[in-house]
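What follows is each chain in one-letter form.
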Amino acid sequence: FLVSIGGSFDPCGSRQATNMAVVVDGDVCFGLENVAVPAFNDADDTKLPDIRYTPTNIAGPGAPTDPAEIMYQGCDCQTSTCSAVCPCILRFGPTYGKTGCVLTEDGGKFCLSKPIIECNTSCRCGEQCSNRVAQKGVFVQLQVFRTRHKGWGVRSAEKIPRGRFVCEYAGEVLGLDQARKRTQNLTPEDMNYILTLREHIANGKIVETHIDPTHIGNVGRYINHSCSPNLLMLPVRVDSEIPKLALFAGKDIEVGEELSFDYSGEHGNVMAQWKQQKTVEKSTDASKLKACFCGSETCTGFLPFDPSLY
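Residues numbered from 1 in each chain as written. Predicted model: local features only at pLDDT ≥ 70, side-chain atom pairs only at ≥ 80, totals over all residues. Heavy atoms only, no water.

### Considering the overall build of the protein
Move 1: Each helix and strand counted, the protein has 3 helices and 16 strands in total.
Move 2: The buried share among the 310 residues of the protein stands at 49%.
Move 3: Summarising the internal contacts of the protein: among those between residues at least 6 apart in sequence, 70% fall at separations of at least 24.
Move 4: Of the roughly 14600 Å² of accessible surface on the protein, a fraction of 52% belongs to carbon and sulfur atoms. (Helix = DSSP H or I, 4+ residues; strand = E, 2+ residues; numbered from the N terminus. Buried < 20%, exposed > 50% of the residue type's maximum accessible area, 1.4 Å probe, protein only. Contact = heavy atoms within 4.5 Å. Areas by Shrake-Rupley, 256 points an atom, 1.4 Å probe, with all protein chains shown as cover.)

Written as structure tokens, this is what we have:
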């Protein structure tokens, strides 16, 4: 159960930095998350995009199923939190520790091949169940801010321990034809927020999920790419077969540190990133590549690009 992620995003702000006063938006989430997420801009006069906020995925054109549809049987654990014998946990093993952070394997690495199934709406356990994490939304203190070279970004306003859930990358769930149509209709000046998740399962089948937060999305839409990211994206299923694209801290994150994830899905795999980028550069799609300004020592020079939607 491997994960690969593709997408291309415009990293650049269009204006040079000015001496304007900080512009504050009290809460980009419109009160729909557990905490307010303010926005700051002391780089230029660009305004936040006018979007419809959704804390989690919603069905868009061509969606194979409604993400709100309850598709999994619930457990009968009539306790405040489930134990190791809960059917939801037994299915693939525990995902979270006592602190709510993602467990690691021997050697401290995250397990990227294990499906994650949380307790769902049909389960009889309490809302405080330790197997309910990504479904609860944003609890960490975050700030949206205008960067100098990458447009809008997100930074942490508190220390975030490794393995803690940060937010979803949420938006409209699209069918393949609609994802291609929207991608191909983009101009060179448009930002492309469409993200494709590919899950490789045991029988060789590849399951694709297309998420577009361009006009309907959450705070995750503002998070930039980095070739050395501090966030890890994992698909988490709750009620539906449509996964939540959950972002967890891949390392301990300090106050004020910009959050980032690898748009290619190759978290921490520098060689895989490099090989993937070189393959695209040599293809006929090289003209669509956009420069990466992540500033990492391992920067590939370009943002990850998925030619399958063109």
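### Observations regarding the pattern of salt bridges
Move 1: Counting across every chain of the model gives 11 salt bridges.
Move 2: Here K244 and E168 are joined by a salt bridge, their closest N and O atoms 3.2 Å apart. Remark: E168 occurs in strand 9 (residues 165-168) and K244 occurs in strand 15 (residues 244-249); sequence separation between them is 76 residues.
Move 3: Across the pair R182 and D212 runs a salt bridge whose closest N-O atoms are separated by 2.8 Å. Here R182 is found in helix 2 (residues 176-184), whereas its partner D212 is found in strand 12 (residues 206-217), with 30 residues between them in sequence.
Move 4: Take D212: its relative accessible area is 3%, and that puts it in the buried class.
Move 5: Through salt bridges that share partners, E172, R182 and D212 make up one connected network. (Salt bridge = Lys/Arg side-chain N within 4 Å of Asp/Glu carboxyl O.)

### Details of unusual backbone geometry
Only a minority of non-glycine residues have a phi that is not negative, and only a minority of peptide bonds are not trans.
Move 1: If you check the backbone angles, F30 has positive phi at about 55° while not being a glycine.
Move 2: Assignment of secondary structure puts F30 in the loop between strand 2 (23-25) and strand 3 (39-41).

### Structural notes on the pairing of strand 11 (residues 195-200)
Move 1: For strand 11, a buried count of 5 out of 6 residues is recorded, marking the element as mostly surrounded by other parts of the structure.
Move 2: The pairing of strand 11 with strand 12 spans 6 bridges and is classified as antiparallel. Paired with E199 across the strands is V207, a residue of strand 12.
Move 3: Where strand 11 folds back onto strand 12 in an antiparallel hairpin, the turn is made up of 5 residues, including G204, whose phi is positive at roughly 90°. (Pairing = 2+ DSSP bridges.)

### Comments concerning the nonpolar core
Move 1: In this structure, L142, V144, V219 and F261 are the most contacted members of the largest nonpolar core, which totals 35 residues.
Move 2: Every element with two or more residues in this core is listed here: strand 7 (142-146), strand 8 (152-156), strand 9, strand 11, strand 14 (231-237) and strand 15.
Move 3: In this structure V219 touches V28, V37, Y53, V138, L142, V144, V154 and C167, once residues within four positions along its chain are discounted.
Move 4: Core analysis: the next-biggest nonpolar cluster, separate from the first, contains 12 residues, V102, L232, L234 and F248 among them. (Core = buried A, V, L, I, M, F, W, Y, C linked by side-chain atoms within 4.5 Å.)

### Quick notes on the packing of aromatic side chains
Move 1: This model, assessed by the stated rule, comprises 5 aromatic pairs.
Move 2: Between F165 and F248 the ring centres are 5.6 Å apart and the planes differ by 65°, which places this aromatic pair in the edge-to-face class. Placement of the pair is F165 in strand 9 and F248 in strand 15, with a sequence separation of 83 residues.
Move 3: Looking at F165, the relative accessible area reads 7%, which means it is buried.
Move 4: Judged by relative accessible area, which is 1%, F248 ranks as buried.
Move 5: In this arrangement the basic side chain of R221 is found over the ring face of Y193, its NZ or CZ atom lying 4.3 Å from the centre.
Move 6: Across from the ring centre of Y222, 4.9 Å away, lies the NZ or CZ of R221, which sits over that ring. (Phe/Tyr/Trp six-rings, centres within 6.5 Å; stacked < 30°, edge-to-face > 60°. Lys NZ or Arg CZ within 6 Å of the ring centre and 35° of its normal.)

### Considering the sheet that holds strand 14
Sheets are built from strands paired through backbone hydrogen bonds, the pairs being either parallel or antiparallel.
Move 1: Pairing within the open sheet is mixed, and its 4 strands lie in the order 6-14-15-9. The outermost strands of the open sheet, each flanked by one partner alone, are strand 6 (116-117) and strand 9.

### Side note on the pairing of strand 15
Move 1: Within strand 15, 6 of the 6 residues are buried, leaving the element largely enclosed by the surrounding structure.
Move 2: Neither face of strand 15 is left uncovered, since the one carrying K244, A246 and F248 and the one carrying L245, L247 and A249 both have all their residues buried.
Move 3: Relative to strand 15, strand 9 runs antiparallel, the two being bridged by 3 bridges. What sits directly across from E168, in strand 15, is A246.
Move 4: Relative to strand 15, strand 14 runs antiparallel, the two being bridged by 6 bridges. Residue M233 lies in a different strand from strand 15, and its bridge partner there is L247.

### Observations concerning helix 2
Side chains that are three or four residues apart share a direction in an α-helix, a result of its 3.6 residues per turn.
Move 1: Among the residues of helix 2, those classed as buried are Q178, A179 and T183. Projected onto a plane normal to the axis of helix 2, the buried residues spread over an arc of 130° and lie on a single side.
Move 2: Packing partners of the buried residues in helix 2 comprise strand 10 (171-174) and strand 12. (Arc of directions from axis to C-beta.)

### Thoughts on the side chain of N41
Move 1: If you trace the backbone, N41 turns up in strand 3.
Move 2: In terms of polar contacts, N41 uses its side chain to reach the backbone amide nitrogen of A43, at 2.9 Å.
Move 3: Within the structure, the side chain of N41 is placed 2.9 Å from the backbone oxygen of T46, a separation counted as a polar contact. (Polar contact = N/O pair within 3.5 Å; in protein donor to acceptor, adjacent residues only side chain to side chain.)

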